[in-house]
Amino acid sequence: MSPTMKSALLVIDVQRGIFETTPPPFEADAVIERINSLAARARMAEVPVVFVQHECDGSPLQHGSEKWRLDQRLVVEPRDLALCKTTPDSFLRTELGDLLAELGTQKLVICGYASEFCVDTTVRRAAALGFPVVLVSDAHTTHDKPHASGAQIRAHHNATLPDLTSFGPVIEARLAEDVVFEG
């Protein structure tokens, strides 16, 4: 991936009703710290930070509810952008595609929740739409499941998503500390 491609940081579903749970997602505190570091570095490079929030009527993630709000530990600045989604795909029935086109975005850096659902689906859709993707390998997470721990699920996606070459654009898994933003 060319480091001169204009990028955007997508932070998916880091919401109170998902992160402020018992038990919390795998490495929840560390993931939020890494996301805050990524967002700060993105802003310094004049790279847009987009917070994506899942919403579902009649659920704890109902738009505007306390659990729908972003996790209190996230650092959000007024210039950051936000959008809502109703499916695991951050592009489906949202303004994300138009927003990225308006910003001139050519590459996406993706982190957040859930590794096996919204992160996975958005990474795949982004690549299918022609965006090279950096999946921040230590800044996405999920809850333990009966069949696999959150750590195993994250490791699986870090290993398999970069192997998807049929879309064309490269999908890389990179540690948060190794992500370099170019505006």
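See above for the structure.
The shown structure was predicted, so the numbers you read here are calculated from the model rather than taken from an experiment.

Undergrad: Would you mind going over unusual backbone geometry with me for this structure?
TA: Excluding glycine, residues mostly have negative phi values, and the peptide bonds linking residues are mostly trans. A cis geometry characterises the amide bond from threonine 22 onward to proline 23, with omega recorded as -5°. Within the element layout of this structure, proline 23 appears in the loop between helix H1 (16-19) and helix H2 (28-44). Backbone torsion omega between tyrosine 113 and alanine 114 reads -10°, so that peptide bond is classified as cis. Positionally, alanine 114 belongs in the loop between strand E4 (107-113) and helix H4 (115-128). For glutamate 27, which is not glycine, the phi dihedral falls at a positive 50°. Tracing the backbone shows glutamate 27 in the loop between H1 and H2. Positive phi values are uncommon outside glycine, yet glutamate 46 reaches one of about 60°. Considering the arrangement of structural elements, one finds glutamate 46 in the loop between H2 and strand E2 (49-54).

Undergrad: I keep staring at the side chain of histidine 54 and nothing clicks. Help me out?
TA: As for its position among the elements, histidine 54 is in strand E2. Apart from residues no more than four positions distant in its own chain, histidine 54 is found in contact with Asp13, Gln15, Leu61, Trp68, Lys85, Thr86 and Thr87.

Conventions we followed
Residues numbered from 1 in each chain as written. Predicted model: local features only at pLDDT ≥ 70, side-chain atom pairs only at ≥ 80, totals over all residues. Heavy atoms only, no water. Helix = DSSP H or I, 4+ residues; strand = E, 2+ residues; numbered from the N terminus. Contact = heavy atoms within 4.5 Å.

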